[in-house]
Structure formats: C-alpha cells, structure tokens
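Remarks on the overall topology
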Amino acid sequence: MSTTLCAAGDARPPRMGVLGPAAVLLAFTLSLPTASGSVAAVLFLAAWLLSGGWRWQWRRWRASPTSIWATALLLMFVLGMSYSSGTHAQQADVMGKYAKLLLLPLLIVAVADDTWRQRAVRAFLWGAVLASALSYARFFGWVPQRWEASIVQGHIHFGTIEAFAAFAFARMAFEPGRRRVLWAVLAALLALDVLYVGIARTGYVIVLALVVLLGAQRLGFKGLVAGGLTALLLAGVAFTVFPVARMRMEQGVQNLRQYQRAEAEHDSALADTSWGLRLQFWTNTLHIIEQHPVIGNGTGSMDLQYTRVAPHDPHTANPHNEYLNTTEQLGVIGLLLLLGLAVAAWRDARGLPRLERDFAWGVLVTIGVGSLFNSLLMDVNEGRFLVVMLGILLAASVSTGRRTEA
C-alpha cells in the first residue's frame, strides 16, 4: 500500500524530475568505492538547489523530528568549532566529515515521492549486489591485480553496508511474491561474502545483531529468542568452519590477552594490536572526556587532546567509537543529541509501511552496533550510508497536510 503525502495550502513540492534521479544515484553508489559516492552526493546537492519547493520543504522539516534532531546535531558540531582546541585545519577536516549530516534532513523533506523513494531503495540493493559480485570476483582472482584495491570499499565499510543489504534481502524474502527465493539466495550470498570472504570483525557482529533483529521483527519475543539462537549457531559455524572468520576471531582473542599483559606490565608497546589499540584509545578518550564532560573540547579537538593525555602511547585522532568520539568533541550535550537523533528516527519509522519500517530499524541497528567499534558517523562511507538510507526511508513518515492512501 503506497502513501501519498499532500502538502497543506498552495505550497509547491520540489521538481522530482531533477531530484529523483539524483537520489537514486546517491543510493546506488553507497556500496561502491568512495569516489563514486562523493560525486553522487555533490550531484544530489546541486539537484536539490535546482528543485525548488522551499516553503513545502520547510513545512516538512518542521513536521519531522528526525530532521530537527539531525540539524541540531550538525549545528552543535558547527558551534563546537568556536571553542575547539584543535587547529583550524583539524576543525575543518572533521567538520567536513560530519557535514554529511545535512543530507539526512534534505532527503526527508525533499524526496517524498513514493515512486522515486522506492526506486532509490532498489538502487541501493542492486548496488550492494554489484559490490558483492566484485568482491567475489576479486576473491576468485578474476580481477586484474592493478584494480584489486580500488574496485571494493575498505573491509570495514564493505562489511558494514553489505551486512545490512543481506538483512534487507532476507527481510524481503518473508514478503509474499514470486521473487522470495531470489531474495533469500541473495541474502545468503551477501551474508557469506561478509562472513567467509570478508575480514571485518565489525561486519561479523553486525550480521549477528541483524539476525536477532529480523527474528524480533517477524515473531516478536519468540522471534527474538529464535534469532538469538540462530545468531549463536551462525557464529559457531562461521568461527569454526570459515577459515577467515576463525582466523580473525582468534586474532581478536590474542589481541585481548596481549592487552591484558600490556596493562599488567605497563608496556604500551604490547598493546599495538587491533583490539589492544582500540581498548587503549577508549581508555585514553575517557580520560579526555573527564576534563570537559559537558560541552567537550570542540570539533576537531581529538588530535591535540590525545597527545596531551597520552603522549607516550600510539597516537590517534579517532577513538574508533562514535559515542566516545562525539562526547570528546561535544560533551554530554553532543552525546544526547546523537542518541536523540537515533530515538527520533526509530520513533518516526513506526509510521512507515511495515517493510520500510523494518529497513529503517535495520539501518539504525547496523550503525548503532558498528559504532561501538568504529566512529561510523564520522567515517565517509558508513556515515553516508546512515544519512542517505534513513533520509530516503523516513521521507514517507512526514505529513505536512492531509494523507491519502491507495
């Protein structure tokens, strides 16, 4: 059942002949290498400037809690530049990464046409299939060596976005229709790509979390339990049968043991492993936050503050945890804005058709879980995935006037 949103009064909606194709291209490139997504983002912004319908979009912005929270968080990052301890170059670099937050309200207020929204969602899914096909081709040695490093995103980016795409196809397989078997096969192939071909432990964890979410969405509490058991079974198979997954988890366990040894012997050199460094980053970032817990140290301050707090530890300007990263820069105020954005998006998604609601919740779980181990909102590809997919999906949740259903 499709929903048509009708603006109140005589406000004119944007020209979707310009904006729609740009949104479709933006969604299609989310799974592809970074350069293509950056070009698509610029083209979308240009199309938005040409689309018009400003009064109509303003009414939709005021009616969208998610848009308001996203705008508030973006403005807080802008305000954070005024008191940041970072250099102007550091502030500009970090601000540029969080500027993608602007895409979320723009997509929500501008791309309300159901036909173009659904095209954009399908474009994302087929872009994910293309990215996975390229990943398999590289895995089997069918790609020229000079292209191997450029045709697929980095492993964390790829694992995060493909994990959600696998979830989306699996969710579609529960819908009636002739293509259910095709969706189930694609879900399995994409999940296998993340768990067997990929090396991103973040992707493994996200796949398991989405299995639990899928069970809860389909069967409520019983599904939650069934999803949890299925996730445990899948983890057991992956970490015992799949060589890459088993190797990566064994490395993780070794990293944690080495970190414990580093702490006991007060030798930071022993913590120079993937997980050891993350634990060190998190601990030191908490010490930074303690100094200015309310408003933080400002946008782009992490680089300088980390050097001051841990001058003898391996340096970082990224704590690999979005919640800590935001709090270090914007304090508890920033963290509350980030969490408020997530809550608003979750609540707004409840007004969507069931399939799109489940997709939106899947996006939030994907980024919410992944942000425990990486600064995903700040990262180029995962952050763009969050704002673009949420924006496209939640555009249908806003009504500026009477609502008609067909």
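Here the structure is a predicted model, which means the values were calculated and not measured.

1. Observations regarding the nonpolar core
In terms of nonpolar packing, the biggest core is built from 93 residues, with Phe44 and Phe124 touching the most fellow members. Considering each element in turn, this core owes the most residues, 10 residues, to helix α8 (residues 155–172). Setting aside residues no more than four positions away along its own chain, Phe44 makes contact with Leu19, Ala22, Ala23, Leu26, Leu103, Leu106, Leu107 and Val111. Counting residues in each nonpolar core, the second largest holds 11 residues, with Phe281, Ile288, Tyr306 and Ala310 among its members.

2. A word on the packing of aromatic side chains
Going through the model one piece at a time under the given rule, you end up with 16 aromatic pairs. Ring geometry for Phe164 against Phe167: centres 5.9 Å apart, planes inclined by 40°, an arrangement best described as tilted. Note that Phe164 and Phe167 are positioned in helix α8 at a spacing of 3 residues, about one turn of the helix. With a relative accessible area of 1%, Phe164 lands in the buried category. The exposure class of Phe167 is buried, given its relative accessible area of 4%.

3. Description of helix α10 (residues 201–241)
In this model α10 runs just 16 Å from its N-terminal to its C-terminal C-alpha over 41 residues, more than 12% under the 60 Å that 1.5 Å per residue would give. When the local axis directions of α10 are compared, the greatest deviation, roughly 155°, occurs at Leu219.

4. Digging into helix α16 (residues 380–394)
Its 15 residues give α16 an end-to-end C-alpha distance of 21 Å, which sits within 8% of 21 Å, the value for a rise of 1.5 Å per residue. In terms of burial, α16 is a largely internal element, 14 of the 15 residues being buried.

5. Brief notes about the pattern of salt bridges
This structure, assessed with the given rule, holds 6 salt bridges. The salt bridge involving Arg171 is made with Asp358; its shortest N-O contact spans 2.6 Å. Here Arg171 is found in helix α8, whereas its partner Asp358 is found in helix α15 (residues 354–370), with 187 residues between them in sequence. When its relative accessible area of 0% is taken as the criterion, Arg171 is described as buried. Judged by its relative accessible area of 0%, Asp358 is buried. A salt bridge links Arg357 to Asp358, with the shortest nitrogen-to-oxygen separation between them at 2.8 Å. Accessibility classification places Arg357 together with Asp358 in one group, the buried group. Through salt bridges with shared partners, a single network forms among Arg171, Glu175, Arg357 and Asp358.

Cut-offs used in this document
Residues numbered from 1 in each chain as written. Predicted model: local features only at pLDDT ≥ 70, side-chain atom pairs only at ≥ 80, totals over all residues. Heavy atoms only, no water. Core = buried A, V, L, I, M, F, W, Y, C linked by side-chain atoms within 4.5 Å. Buried < 20%, exposed > 50% of the residue type's maximum accessible area, 1.4 Å probe, protein only. Helix = DSSP H or I, 4+ residues; strand = E, 2+ residues; numbered from the N terminus. Contact = heavy atoms within 4.5 Å. Phe/Tyr/Trp six-rings, centres within 6.5 Å; stacked < 30°, edge-to-face > 60°. Expected span 1.5 Å × (residues − 1). Bend = angle between axes of the 7 residues up to and from the residue. Salt bridge = Lys/Arg side-chain N within 4 Å of Asp/Glu carboxyl O.

Function cannot be read off these values alone, since they describe shape.
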